[in-house]
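One-letter residues, chain by chain:
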Amino acid sequence: MLDLITLSSMYSVGGMLLLRKIFVTSAYFGFACLFTAVSLGFFEKLSRIDLAMIFLNLSAAIVLWFAPDNYTFKLTTSRFGLVLLLNAFHIGYKIFHSYSKILFGFSFFFVLTVAFDAFILLFNVKFKLLSNFGVVSLFFGFSYNLVLEYREMMVQATVSHMRSLVDPLTGAYNRGILVETAFNEKDCFVYLDLNSFKQINDTYGHEVGDKILILLVNTIRAKIKQNDIVVRMGGDEFLVIVRDCDPVSVKKLFDEALAEFQNSHELKPTFSYGIKRFEGSYQQTLRAVDTEMYRMKAEFKRS
């Protein structure tokens with residue numbers, strides 16, 4: 001591009017030389033940065049060859065910057081075509097071993113253009129330089145690769161976050177979901193607790209107790225809507241948020257769930273529960289519905 005600019009179009013010969021130095025030396029500084037980024041980004045370390053190539057490019061940039069005139073600068077630039085050729089081979093080697101199939105295609109085109117330009121500079125062949133197209137290709141390659149990596153990181157973060165909110169035994173949510181969920185006055189909170197669960201664990205073992213907990217969650221999920229929420233509050237205590245439903249209908253639903261749960265296992269397990277509409281905050285509603293649940297549990301013990 002600079003060869004197309006005539007000296008007469010510049011204010012001075014020194015201005016042309018300064019412009020050449022800025023453009024060309026920045027390319028060698030760019031190669032040094034590129035080797036550093038690729039090595040640390042994909043391999044997390046700089047090898048001896050990486051350090052040698054970085055030093056070589058920085059040295060070339062410094063030497064070119066101290067060229068006294070345009071003729072010397074152009075002659076030195078041509079001789080440094082060998083450095084460009086080494087850069088092309090080293091970039092190709094690094095990208096080939098990066099195991100990024102998407103980045104490899106863009107980078108391979110960049111390597112070809114750099115090698116082509118190095119050949120032109122070394123042998124002073126009258127062809128147009130193509131590395132500018134290669135730089136654009138490499139830019140799009142890295143950009144596309146970064147977008148894919150960012151998307152993958154976001155998916156992994158979302159999956160990890162969702163796993164952190166789910167109880168691994170029963171598949172119900174844990175308490176963390178309550179902080180992230182919005183409630184309204186049409187929602188009903190149902191707090192339930194298994195009756196005599198400690199006795200079941202002590203008599204038949206925790207494996208049987210775990211199966212009953214899983215059976216309880218599955219029984220409730222079969223009765224409620226898809227957007228309703230089942231939360232394991234701890235041990236054998238669960239909270240169910242039933243969306244857009246009145247307490248009378250919720251009580252009928254959980255009476256049916258209790259009967260089905262009791263008849264689904266040979267130990268005839270039961271649970272006590274309380275029902276309250278959401279009011280104020282989920283903490284206030286939780287305290288109120290917990291009190292209702294203990295009233296039913298007291299009646300169960302008396303019976």
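### Concerning the overall build of the chain
A count of helical and extended segments in the chain gives eleven helices and four strands. By the compact-globule yardstick of 19 Å for 303 residues, the chain is too spread out, its C-alpha radius of gyration being 36 Å. Principal axes of the C-alpha set define a box for the chain whose edges measure 105 × 40 × 25 Å. Of all 303 residues assigned to the chain, the portion counted as buried reaches 39%. Contacts in the chain between residues far apart in sequence, at least 24 positions, make up 66% of those at least 6 positions apart. Counting only carbon and sulfur atoms, one obtains 64% of the accessible surface of the chain, whose full area is about 18,200 Å². Computing the positive centroid from 31 side-chain charges and the negative centroid from 28, the chain places the two 8 Å apart.

### A few points about the environment of S107
If you trace the backbone, S107 turns up in helix α5 (residues 101-123). In contact with S107, other than residues within four places in its own chain, are I95 and L138.

### Quick word on the confidence of the model for the chain
Put simply, the chain has an average pLDDT of 85, and 93% of its residues get 70 or more. Ranking the helices and strands of the chain by mean pLDDT puts strand β3 (residues 237-242) first, with 96, and α5 last, with 78.

### Details of the nonpolar core
Y28, F31, L84, I91 and F110 are the most contacted members of the largest nonpolar core, which has 28 residues in total. Of all the secondary structure elements, the ones that give two or more residues to this core are α1 (13-43), α2 (48-65), α4 (81-96) and α5. Considering every element that reaches this core, the biggest residue donor is α1, with eight residues.

### Observations concerning the pattern of salt bridges
By the definition in use, this model includes nine salt bridges. Taking the shortest distance from any N to any O, the salt bridge between K223 and E260 comes out at 3.3 Å. Of the two residues, K223 is situated in helix α9 (residues 206-223) and E260 in helix α10 (residues 247-262); the sequence distance between them amounts to 37 residues. On the basis of relative accessibility, which here comes to 28%, the residue K223 falls in the partly exposed class. For D228, the salt bridge is made with K225, and the minimal N-O distance between the two is 3.4 Å. Among the residues examined, D228 registers a relative accessible area of 8% and is labelled buried. Taken together, the shared-partner salt bridges in this structure form one network comprising K223, E256 and E260.

### Here we look at the packing of aromatic side chains
Under the counting rule described, the total for this entry stands at eight aromatic pairs. An angle of 45° between the planes, with centres 5.9 Å apart, marks the rings of F261 and F271 as tilted. Taken together, the residues span a long stretch of sequence, with F261 in helix α10 and F271 in strand β4 (residues 271-277) at a distance of ten residues. Residues F261 and F271 agree in their burial class; the two are buried. Residues F271 and Y273 carry aromatic rings whose centres are separated by 6.1 Å and whose planes lie at 55° to one another, so their mutual orientation is tilted. Considered together, F271 and Y273 belong to a single accessibility category, that of buried residues. A network of ring pairs unites the aromatic residues F183, F189, F278 and Y282 as a single cluster.

### So, the side chain of T77
By the element assignment, T77 lies in helix α3 (residues 70-79). Beyond its immediate chain neighbours, meaning those up to four positions away, T77 contacts V24, L64 and L121.

### Looking at the sheet that holds strand β1 (residues 188-194)
Strands pair in a sheet through their backbones, by hydrogen bonds, and they do so in one of two ways: parallel or antiparallel. On the basis of which strands lie adjacent, the open sheet formed by four strands has the order β2-β3-β1-β4 and antiparallel pairing. Among the strands making up the open sheet, the edge pair consists of β2 (229-234) and β4. For this sheet, the mean angle separating the axes of adjacent strands, direction not counted, is 20°. Alignment of β2 against β3, held across five bridges, turns out to be antiparallel. Its bridge partner being in β3, V230 is matched across the sheet by V240. Along the sheet, α9 makes contact with β1, β2, β3 and β4, crossing β1 at roughly 155°.

### Side note on helix α8 (residues 197-204)
Where α8 is concerned, the buried positions are F197, I200 and N201. One side of α8 carries all its buried residues, which in axial view fall inside an arc of 95°. Set apart from the buried face of α8 by more than 90 degrees, the exposed residues are K198, Q199, D202 and T203. Of the surrounding secondary structure, the elements contacted by the buried residues of α8 are β1 and α9. Note on α8: the residue one or two positions beyond its end, G205, has a positive phi of about 100°.

Scoring rules and cut-offs
- Residues numbered from 1 in each chain as written.
- Predicted model: local features only at pLDDT ≥ 70, side-chain atom pairs only at ≥ 80, totals over all residues.
- Heavy atoms only, no water.
- Helix = DSSP H or I, 4+ residues; strand = E, 2+ residues; numbered from the N terminus.
- Rg over C-alpha atoms; globule rule 2.2 N^0.38 Å.
- Buried < 20%, exposed > 50% of the residue type's maximum accessible area, 1.4 Å probe, protein only.
- Contact = heavy atoms within 4.5 Å.
- Areas by Shrake-Rupley, 256 points an atom, 1.4 Å probe, with all protein chains shown as cover.
- Lys, Arg positive; Asp, Glu negative; His and termini not counted.
- Charge placed at Lys NZ, Arg CZ, Asp CG, Glu CD.
- pLDDT = per-residue confidence, 0-100.
- Core = buried A, V, L, I, M, F, W, Y, C linked by side-chain atoms within 4.5 Å.
- Salt bridge = Lys/Arg side-chain N within 4 Å of Asp/Glu carboxyl O.
- Phe/Tyr/Trp six-rings, centres within 6.5 Å; stacked < 30°, edge-to-face > 60°.
- Pairing = 2+ DSSP bridges.
- Axes fitted to C-alpha atoms, helices over the stretch in contact; angles between N-to-C directions.
- Arc of directions from axis to C-beta.

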